[in-house]
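Inside the fold
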Amino acid sequence: MGTNGLGTEIVNVVNKLQDVFTSIGSTGGSIDLPQICVLGSQSSGKSSVLENIVGRDFLPRGTGIVTRRPLVLQLINKPAGNSADQPNGVDKGGDKAANADEWGEFLHLPNQKFYDFHKIRDEIVRDTEAKTGKNAGISPQPINLRIFSPNVLTLTLVDLPGLTKVPVGDQPKDIERQIRDMLLKYIAKPSCIILAVTAANTDLANSDGLKMAREVDPEGTRTIGVLTKVDLMDKGTDVVDILAGRIIPLRLGYVPVVNRGQRDIETNKAIAVALEAEKDFFENHPSYKTKAQFCGTPFLARKLNMILMHHIRATLPDIKARISTQLQKFNAELQSLGGAMGEGNSGNIVLSVITEFCSEFRTTIDGNTNDLPLNELSGGARISFVFHELYNNGVRSIDPFDQVKDGDIRTILYNSSGSTPSLFVGAAAFEVIVKQQIKRLEEPSLKCCQLQSMNPTTKLVQDMVAMQACYINTTHPDFIGGHQATAHVTQQLMAAKPQPGPTDPKRSALNNNKDLDVDPKKEDGFFSSFFAKGQQNKKKGVAAMDAPPPIIRPQNALSERETMETEVIKMLIHSYFNVVKREMIDMVPKAVMLSLVNHSKENLQRELLQELYKPEVLDDLLKESEYVVTRRREVVSMVSALNKAEEIVAGV
């Protein structure tokens, strides 16, 4: 009994696990509990085998599909002597065999004991119809039934719907496929032992149960065969060859049994009497009498008990590991859904979301995140690209002379010297033009901010452009200066005189080798306009003086002096504009980093807390979708089930 005691204990562990997972509407999900599943066609005698193992009538009977939901049948050996609990006897109802030592309990009806086994049958029918309707539909949701009795060995069996071929009455047209799919879900799991029930008076090769078992267990390592109706075989035939494994070998072997026939059931032949008749049959049959101890229902129950016990013991370490893995997975999901108290303290949730977001923002900018994208620049790298590629190239490409022609410079020179022609190159003209051009740097600089974004930074960058424009620092070490420019232009003019043609005075020497050249446009070369206009025909003289036009522009081509002054101004502008460009390329990214990026990193959390951490907005912020609420409920119940499961297996 010692071994059986241990067997009882270890089978009870799985029973408890089954209850835990069934109670949350899951058959154990991905935990795959070890269990014995009973498989067979409707006429194979499946129900009779189960009733014989239990020793009582309790399963619904009739034509068509009787078992329409899996029945998880947990048999628990409980020694006699329970009558003290029932001082007034038991409700026998219509069950003559009712007694105080045997009863059933349904998981869906806690604390309710059924001593009348006919009422167990009625409850199976009632609960099945409640879940599947009165027609012959099926449902994968199991019914969990425990039977306590001194006459059973501790054993758990899952009775599955019988295989059917043709829809009957109002059964769904695809009933065969529906049943197959459901059965496969159970028997395909490696932790499932398949009990394939086949009538011995039919050809074994046509056995639906064995055929289906073979699909998921081709080697026959976890299938045990039960041969029913052995007493109905033709005279002179037996199942000895099958038992010896010569027809379809199964590693767990076959057990022949004799059940009550339809006539016996109709005349209410007691199972105890039927079991006695079965024993006599095997002990006196010429083919089986030498092996009678390996035949019949009691041997089948002992064999199943041993198989299940060893099977559970072998799979327990794996079950423990899987429970632990699942627990980690669901706990992680629960955290992502805001924890078990998701509907709880809204302030704490908003606080933790803000903290997490700010931390993620900082690590993304600094490039320390683990989740770096492979196919695009992100965070700090994106900012760097805007600075060093887009902005740098944008500023470099601005040519101060693409919009200011030589004639315009002469006009500005005249305007800036007023009514007296100037003796020296007009400093005022240089400043006017250079300030105009500096303002053009504002657009790419602001774009640089907008590509990151925003207001205080935009203001700072606008101020930087204004700073450059409001004070023209002609003492900058990189600026060419008036004397050098004049000397340079004079030299160029002298060199250019004998051989007219465009030359380019933009030498890098002008800016201490720090020039940011823009490719000159052919039509806008420094001297091209002078030489082109020099060739023009002079306007014919006018006898009478014309009235001045509304807009007066200088009429003639540039004189030599004007050309010289214009070129000096252009050289000064070119040199100074390059100084400004370089400073802007250097300073705008610094301004953006200071005013925007670093400011955001340092103040984002404070800003978010000020704007979002207010009692009046918390509820709106945390309004959750129906999916999140439902999923959290499911995950909470799964975590609770897995915690219970971990407790159950911890002691084994």
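Residues numbered from 1 in each chain as written. Predicted model: local features only at pLDDT ≥ 70, side-chain atom pairs only at ≥ 80, totals over all residues. Heavy atoms only, no water.

1. Digging into the overall build of the protein chain
A count of helical and extended segments in the protein chain gives 20 helices and eight strands. Here the protein chain holds 652 residues, and 46% of them are scored as buried. Counting contacts in the protein chain only where the partners sit at least 6 residues apart, residues at least 24 apart contribute 79% of the total. A total accessible area of about 34,400 Å² is found for the protein chain, and carbon and sulfur atoms account for 54% of it. (Helix = DSSP H or I, 4+ residues; strand = E, 2+ residues; numbered from the N terminus. Buried < 20%, exposed > 50% of the residue type's maximum accessible area, 1.4 Å probe, protein only. Contact = heavy atoms within 4.5 Å. Areas by Shrake-Rupley, 256 points an atom, 1.4 Å probe, with all protein chains shown as cover.)

2. Notes on the confidence of the model for the protein chain
Of the residues in the protein chain, 81% have a pLDDT of 70 or more, and the chain-wide mean is 79. Considering each helix and strand of the protein chain separately, the mean pLDDT is smallest for helix α17 (residues 528-534), with a value of 38, and largest for strand β8 (residues 254-256), with 97. Confidence over residues 520-543 falls short of pLDDT 50; this stretch has 31 contacts with residues more than four positions distant or in other chains. (pLDDT = per-residue confidence, 0-100.)

3. Regarding the packing of aromatic side chains
The final tally for this structure, using the stated rule, is eight aromatic pairs. Taken together, a centroid distance of 4.9 Å and an interplanar angle of 15° make the contact between W103 and F148 stacked. With W103 in strand β3 (residues 103-106) and F148 in strand β4 (residues 143-149), the pair connects residues that are 45 residues apart, well separated along the chain. Given a relative accessible area of 3%, W103 falls into the buried group. Counting every residue linked through ring pairs, the aromatic cluster contains W103, Y115 and F148. (Phe/Tyr/Trp six-rings, centres within 6.5 Å; stacked < 30°, edge-to-face > 60°.)

4. Describing helix α4 (residues 175-187)
Because each turn of an α-helix spans 3.6 residues, side chains separated by three or four positions in sequence point in the same direction. Along its 13 residues, α4 runs 18 Å from first to last C-alpha, staying within 8% of the 18 Å computed at 1.5 Å per residue. Of all the residues in α4, the buried ones are I175, I179, M182, L183, Y186 and I187. The buried residues of α4 occupy one face: seen down the axis, they fall within an arc of 125°. Packing partners of the buried residues in α4 comprise β1 (35-39), β5 (155-159), β6 (192-199) and α5 (208-216). (Expected span 1.5 Å × (residues − 1). Arc of directions from axis to C-beta.)

5. What to know about the environment of K447
Within the secondary structure layout, K447 lies in helix α14 (residues 442-452). Taking relative accessible area as the criterion, K447 reaches 48% and is therefore assigned partly exposed. For the pair K447 and L390, spaced 57 residues apart in the sequence, the C-alpha separation amounts to 9.6 Å.

6. Overview of unusual backbone geometry
A positive phi angle, near 65°, is found at N111, a position not held by glycine. Mapped onto the elements of the fold, N111 is located in the loop between β3 and α3 (117-132). N111 sits in the exposed class, given a relative accessible area of 81%. Not every positive phi belongs to a glycine, and N268 is a case in point at roughly 55°. Relative to the elements of secondary structure, N268 occurs in the loop between α7 (262-266) and α8 (271-284).

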